[in-house]
Structure formats: structure tokens, C-alpha cells
Amino acid sequence: SAILAAFQHTIDDIPQSVHERIVPFPEIGFDPSVFHPGDRARPFAGEGPFRFLFVGRLVPYKVAEAVVRAFTGSDVLKQHWLHIVGTGPEEARLRQIVTESGAEDRVIFEGRKTQAEVADFMRRSDAFVFPSIRELGAGVVIEAMACGPVCIVTNYGAPGDLAAGGRGVRVPLQPLDGLVEANRAAMEACLSEPAAHADMAQAARTYAEHFYTWDAKADYTSRIYEAVLNGQPLSGLTDYR
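Overview of the structure. (Residues numbered from 1 in each chain as written. Predicted model: local features only at pLDDT ≥ 70, side-chain atom pairs only at ≥ 80, totals over all residues. Heavy atoms only, no water.)

### Topic: the nonpolar core
The nonpolar side chains of a soluble globular protein tend to be buried, and buried together.
So, step 1. Within the largest apolar cluster, 75 residues are counted, with the highest numbers of intra-cluster contacts made by Phe128, Leu162 and Tyr212.
So, step 2. Counting residues per element, this core draws most heavily on helix 5 (residues 139-147), which supplies seven residues.
So, step 3. Discounting chain neighbours no more than four positions away, the residues touching tyrosine 212 are Phe7, Pro26, Ile28, Gly29, Phe30, Ile142, Leu162, Tyr207, Lys217 and Tyr240.
So, step 4. If you look at the next biggest cluster of nonpolar residues, it comprises five residues, including Ala5, Ile14, Val18 and Ile22. (Core = buried A, V, L, I, M, F, W, Y, C linked by side-chain atoms within 4.5 Å. Buried < 20%, exposed > 50% of the residue type's maximum accessible area, 1.4 Å probe, protein only. Helix = DSSP H or I, 4+ residues; strand = E, 2+ residues; numbered from the N terminus. Contact = heavy atoms within 4.5 Å.)

Rendered as C-alpha cells:
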């Protein structure tokens with residue numbers, strides 16, 4: 001009676017003949033008692049230095065290398081900080097890249113953190129940079145949006161959908177060297193156009209708070225059941241369209 005599909009890239013793969021039964025329904029959500037902006041300032045306000053953040057397992061498909069190489073290879077970003085939260089098999093190689101670039105004093109490997117600690121890092125960061133190229137739901141992106149930094153993501157799958165509509169910076173999917181250059185340009189643009197990027201962060205936060213708290217998800221789930229049981233058209237369920 002109803003087909004729940006998480007994001008547009010999934011909907012696009014479902015036969016057109018059943019599209020009238022499709023209800024957009026991202027599987028992710030967040031706890032607003034943990035992930036919230038607190039009393040943070042607008043991102044990239046003041047003189048800096050500013051903080052960029054990556055959160056995720058250090059495995060190849062998360063492409064933390066793109067963030068590290070983008071940051072360490074930029075003269076514009078030399079006065080600022082990059083925090084890497086997470087561990088994994090790529091860590092040793094990433095540390096070597098940082099050492100070879102002479103950036104050990106401004107690229108900080110924070111290791112594994114609790115959920116509350118991750119939220120605190122997000123609140124203290126100006127930009128969350130997440131170039132992952134394989135994400136089923138990208139819950140970490142909506143958590144970051146709820147905490148208020150600018151989100152810079154690869155425009156593919158769930159992260160690209162979440163950051164659509166001016167809610168973040170979407171870097172085109174491309175080979176690694178291109179991802180490095182595009183993420184570097186996106187990070188540098190945050191410094192040259194702080195007001196526009198802060199507006200993106202505000203739009204993302206509003207979107208997250210309105211649609212992705214677990215209470216909001218429960219309400220939406222209830223409305224889906226009511227529509228099916230009452231024979232109502234599903235086209236009215238447009239929260240995530």
C-alpha cells in the first residue's frame with residue numbers, strides 16, 4: 001500500500017509504475033538533547049582561527065584523505081584547524097600525509113569519541129567536511145546540521161540529498177584528485193563568503209530540527225499509517241520531498 005524510500009537516489013531506481021505509492025522516508029534521525037547548537041555563534045564569525053571537522057571511521061570509502069590533503073595543501077587555511085574524529089586502518093597513512101606537509105600543529109587526530117563528545121566537537125566547529133562516497137543514511141550529516149556548522153559533502157546519495165536546497169555545499173562526485181581540489185575550494189570559500197555560508201548552516205539546522213528529531217519522525221510515521229488505513233492519497237506526504 002505504501003513504499004517507503006529513504007532518499008531520491010533510491011526513488012529513482014524504483015519503477016515508475018509504482019511511484020504513486022512511494023513515500024519519502026529517510027531512516028535517520030537525531031536526539032535533540034544531544035545534538036543541538038547550544039549557545040554557539042554563527043559559523044565563521046569573527047577573526048578566527050576557524051575549525052574544520054571530519055567525523056567518521058578512517059576507511060577508504062569515507063575519503064578522509066580528501067579533507068586532509070585539501071586542508072594541508074592550502075595556503076589560505078594555514079591559520080586554521082582541522083580536527084579528525086574517528087579511528088581506522090587509514091589513520092597511519094593520513095598521519096603520514098600530515099607529517100610530510102608539516103601540518104602536525106594544526107591537524108589534530110582526536111581518536112574515537114562518545115556521541116556526546118562528537119556533538120560537542122560539532123558545536124565548536126565552523127564547518128563539517130564529509131566527502132564520503134558510500135552512505136546509506138548519513139546520520140552523521142543530519143547530526144552535524146542540528147549542531148550548526150556549515151556542511152560540505154560529496155553530492156552523491158544521502159549526503160547530497162540532505163545538503164540540497166541551499167542547506168550545505170555539495171561537491172561533485174569525481175576521482176580523488178578532483179575531490180581534493182573541490183573540497184579545498186569549498187573550505188576556502190567559507191572564509192571568503194562567511195555570511196552566505198552561515199545562512200546555509202541556519203537553513204540546515206532549521207531543516208534538521210523540523211523533520212529529523214525522533215518525535216518528528218514518529219509523527220510522520222503516524223500520518224503514513226493514517227493515510228493508508230483511511231485510503232487517502234499518499235501524495236500529501238511531502239515532508240521530505
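From this point on, the discussion continues.
### Comments concerning the packing of aromatic side chains
So, step 1. Overall, the coordinates contain 11 aromatic pairs when judged by the stated rule.
So, step 2. On the basis of an interplanar angle of 15° and a centroid distance of 5.6 Å, the ring pair of phenylalanine 128 and phenylalanine 130 is categorised as stacked. For the pair phenylalanine 128 and phenylalanine 130, a shared accessibility class is recorded, and that class is buried.
So, step 3. On the basis of an interplanar angle of 75° and a centroid distance of 5.0 Å, the ring pair of tyrosine 220 and tyrosine 240 is categorised as edge-to-face. (Phe/Tyr/Trp six-rings, centres within 6.5 Å; stacked < 30°, edge-to-face > 60°.)

### Observations concerning a nonpolar patch on the surface
So, step 1. Taken together, Ile133, Tyr156 and Leu173 make up a surface patch of nonpolar side chains, about 270 Å² in accessible area.
So, step 2. The residue isoleucine 133 is located in the loop between strand 6 (127-130) and helix 5 in this model.
So, step 3. Judged by relative accessible area, isoleucine 133 falls into the partly exposed class, the value being 34%. (Patch = residues over 30% accessible without salt bridge, like charges linked within 9 Å, V, L, I, M, F, W, Y side chains within 5 Å. Areas by Shrake-Rupley, 256 points an atom, 1.4 Å probe, with all protein chains shown as cover. Salt bridge = Lys/Arg side-chain N within 4 Å of Asp/Glu carboxyl O.)

### A word on the pattern of salt bridges
So, step 1. Overall, the coordinates contain 13 salt bridges when judged by the stated rule.
So, step 2. Residue glutamate 65 pairs with arginine 69 through a salt bridge whose shortest N-O separation is 3.1 Å. Residue glutamate 65 and its partner arginine 69 are located together in helix 2 (residues 64-72), separated by four residues, close to a single helical turn.
So, step 3. A relative accessible area of 25% means that arginine 69 is categorised as partly exposed.
So, step 4. We note a salt bridge from aspartate 219 to arginine 223, for which the minimum N-O separation is 3.3 Å. Here arginine 223 and aspartate 219 lie together in helix 9 (residues 214-229), a separation of four residues that amounts to about one turn.
So, step 5. Looking at aspartate 219, the relative accessible area reads 43%, which means it is partly exposed.
So, step 6. Classification of arginine 223 by relative accessible area gives partly exposed; the value is 27%.

### Considerations on the sheet that holds strand 7 (residues 150-154)
So, step 1. Strand order in this open sheet of six strands is 5-4-3-6-7-8, and the pairing throughout is parallel. Each end of this open sheet is capped by a strand with a single partner; those strands are strand 5 (107-111) and strand 8 (169-171). Between one strand axis and the next, the sheet turns through 20° on average, direction left out of account.
So, step 2. Taken together, the five bridges between strand 3 (residues 51-55) and strand 4 (residues 81-85) define a ladder with parallel strand orientation. Bridge assignment links phenylalanine 52 to a residue of strand 4, and that residue is leucine 82.
So, step 3. Together, strand 3, strand 6 and strand 7 form the strand contacts of helix 5, whose direction differs from that of strand 6 by roughly 170°. (Pairing = 2+ DSSP bridges. Axes fitted to C-alpha atoms, helices over the stretch in contact; angles between N-to-C directions.)

### A look at unusual backbone geometry
So, step 1. In this chain, glycine 48 is followed by proline 49 through a cis amide linkage whose omega measures 5°.
So, step 2. Among the structural elements, proline 49 can be located in the loop between strand 2 (22-24) and strand 3.
So, step 3. In this model, valine 63 sits at a positive phi of 55°, which is unusual for a non-glycine residue.
So, step 4. For valine 63, the position within the fold is in the loop between strand 3 and helix 2.
So, step 5. We classify valine 63 as buried; its relative accessible area is 9%.
So, step 6. Phi at alanine 138 takes a positive value of approximately 60°, unusual for a residue other than glycine.
So, step 7. Residue classification places alanine 138 among the buried positions, given a relative accessible area of 4%.

### Digging into the pairing of strand 4
So, step 1. Of all five residues that make up strand 4, four are buried, and the element is covered over most of its length.
So, step 2. Taking the sense of rotation as the criterion, the β-α-β connection linking strand 3, helix 2 and strand 4 turns out right-handed.
So, step 3. Where strand 4 and strand 5 come together, four bridges link them in parallel fashion. Note on strand 5: the bridge partner recorded for leucine 82 is valine 107. (Right-handed = clockwise from strand over helix to strand, strands pointing away.)

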